[in-house]
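Tertiary structure, described
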2 protein chains.
Amino acid sequence: MVSDSQRRLIILTEGHTEPVTGKTATCVVRYRPEQVVALLDSTQAGKTAQELLNVGGDIPIVGSLEDAPQANVLMLGIAPSGGKIPAPWRSIILAAIRRGMDVISGLHEFLCSDAEFVSAAAEKGVQLIDVRKNNERDVANRIDIREDCLRVHTVGQDCSVGKMLVSLELSNAMKARGIQSKFIATGQTGILVEGDGCPIDCVVADFLSGAVEKMILAHQHNDVLFIEGQGSISHPRYSAVTLGLLHGCLPQAMILCYEVGRKHVYGMEGFPLKPLDQLLRVYETMANLAVPSRVIGVAMNSRKVSAEETEKERERVRQELGLPVCDVIRHGPDELLEPIQAMLGEK
Amino acid sequence: MVSDSQRRLIILTEGHTEPVTGKTATCVVRYRPEQVVALLDSTQAGKTAQELLNVGGDIPIVGSLEDAPQANVLMLGIAPSGGKIPAPWRSIILAAIRRGMDVISGLHEFLCSDAEFVSAAAEKGVQLIDVRKNNERDVANRIDIREDCLRVHTVGQDCSVGKMLVSLELSNAMKARGIQSKFIATGQTGILVEGDGCPIDCVVADFLSGAVEKMILAHQHNDVLFIEGQGSISHPRYSAVTLGLLHGCLPQAMILCYEVGRKHVYGMEGFPLKPLDQLLRVYETMANLAVPSRVIGVAMNSRKVSAEETEKERERVRQELGLPVCDVIRHGPDELLEPIQAMLGEK
């Protein structure tokens, strides 16, 4: 197996080299650019990551594995709903294995459950790494949770609004202020970036909160934990994941994340999103069944709107909810760090 | 494999022949008594099911497999938190296999993942049946849900308060009134009783609501579905299961189930139960994120209290919540059927 420090990744985003469906690729490019040799998308060959993902500078988009001969690992760079391997990707995965490359996937459909991939990998002596594969079998107990560790949880209006990115940016910013902080990754992309975590959407439901609790117990020697949220409490498909995570990580503070301009559930056009004020109340109600908790700020994702529209929206939401609001990329995270620092000061 | 109609069960309840931990045994004895030869509990040998479970008449408790030679299937009759096979049971399971018996288990720890059991079963040509084993991999879509099928969902203050039993009794009572009704089993005990269903607490979290939705779609030609609830929306361990089920089955009507006198989460003494009125509001809030829905009645489990205490409590809860209240075993289900019939009349 290629060790983390030796990884030279080519990230497969065929037909999906954009920031939402290709969020795994985008986040690895953003946070681990030193590992990324190229992105593989024959429909976009010749362009750069910066042009398509707004991040990654000159990292090239190439049309075939042959165009990035220095790569030693193929990473699947999309996270589609349902987590199946797109059929046209099979031949690319097989070609990578036959070139002697490891393959990393964060999909629900495991590489190592596929007889053809397993057989080819065995022949070439390469590794198939399924980030979502787990065998979590412990229930939550809510015992020995430390009061002196502040748990901050990003919760969302929808999937794919930036909960992982906000958690990571806030954690990094706290570290820069000299505070012991840890990003708790709960999804495949976060795990690929952070190097540890648990893919909670792939845990057997009875053990979901228990899997989260184990991560809290393992890292609560830090001053603050930023626990990556998943889905939305009102999501037609994934609300179970969202609530099990909320009740497993027991946040004293929550940050509500949304994307400016999004009107419907991502990938489900028939389902309007719930208003932010309603969701804020629901998250607080559900969190307080477990622990005293409140929403302390709003993280807006203003990727698709102008600077002017962003400022108007920011002020509108500040007024409506009476909370700090910012886009951690556009504005930096300081406005959201203030209430967190204040809570740390009270401990 | 022994077919359903040929099953002569001995149910293993060693050390747990009582209605709560032994609820799988108790419910199979209650609803499928024709299949049950004996219960196996060496600590209670010589007694009857009626004495220990308040159901099952003369079905004997025996001390060893040899005492029930006509049995051809061993069923594990408990559902402990975490779902592990108790260590002292291993030798009993192996002995049953060696006698040529099939073994049925509803635990999370699968018989067919245990090399010793698998090898012994292969040698004797018997079947190991893991009721919880599943490979659900479809997300929910909320498409083609019929408005003319009434979905009634039992929700609870806690685990093990009688949600399965209430769902089954109400469904049977509706059938007796000539209405096309179906009990939708969502746990191992319900599946063993009904013969179909999905063990949703053992589904990978992303697919939990999808697994429930599939059952709804398959049975919505009925006038009414009674969907067995799981856990509680405020349960420290299992709230993910509860919410995924709620958002998968989209109930227009809910029945709130609780056990009179229970003060703490079952098996977690440090955690007081939430008050019924608070839970009623939370269930309605969460259900209404998906579909217009209300709690239409309360099912009390008065197993542990006197007739006099039961009537006092029944009146108290009627007054407090302004809803029909009854114990479907003690009082019969009629009071809860009235609002359901009224809703059917409106369709």
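About the criteria used
- Residues numbered from 1 in each chain as written.
- Chains lettered and ligands numbered in written order.
- Predicted model: local features only at pLDDT ≥ 70, side-chain atom pairs only at ≥ 80, totals over all residues.
- Heavy atoms only, no water.
- Axes fitted to C-alpha atoms, helices over the stretch in contact; angles between N-to-C directions.
- Helix = DSSP H or I, 4+ residues; strand = E, 2+ residues; numbered from the N terminus.
- Parallel < 35°, antiparallel > 145°, perpendicular 65-115°, else oblique.
- Left-handed = near helix turned anticlockwise from the far one by under 90°.
- Contact = heavy atoms within 4.5 Å.
- Nonpolar A, V, L, I, M, F, W, Y, C, P; charged D, E, K, R; others polar.
- Salt bridge = Lys/Arg side-chain N within 4 Å of Asp/Glu carboxyl O.
- Buried < 20%, exposed > 50% of the residue type's maximum accessible area, 1.4 Å probe, protein only.

With an unreviewed UniProt entry as reference, chain A is termed DUF1611 domain-containing protein, source organism Bythopirellula goksoeyrii.

All right, on to the packing of helix α1 (residues 23–31) of chain B against helix α5 (residues 163–176) of chain B then. Residue and element names in this part refer to chain B. Interaxial distance between α1 and α5 falls to 11 Å at its minimum, and their mutual angle equals 15 degrees. Looking at the two axes, α1 sits roughly parallel to α5. Our pair here, α1 against α5, has a crossing hand that is right-handed. For the pair formed by α1 and α5, the contact residues are C27, R30 and Y31 on the first element and M164, L165, L168 and E169 on the second. In terms of residue class, the contact of α1 with α5 is made up of 5 nonpolar, no polar and 2 charged.

What follows is about the pattern of salt bridges. Residue and element names in this part refer to chain A. Counted according to the given criterion, the structure contains 46 salt bridges over all chains. Across the pair R132 and D201 runs a salt bridge, and its minimum N-O distance is 2.6 Å. Residue R132 is found in the loop between β6 (128–130) and β7 (150–156), and its partner D201 is found in the loop between α6 (188–194) and α7 (208–219); the two are separated by 69 residues along the sequence. For the pair shown, R132 and D201 are each scored as buried.

Of note, the phi angle at S160(A) is positive, near 50 degrees, even though the residue is not glycine. With respect to the secondary-structure elements, S160(A) resides in the loop between β7 and α5 (163–176). The exposure class of S160(A) is buried, given its relative accessible area of 17%. At N54(B), a position not held by glycine, the phi torsion is positive, near 60 degrees. Within the secondary structure, N54(B) sits in the loop between α2 (49–53) and β3 (61–62).

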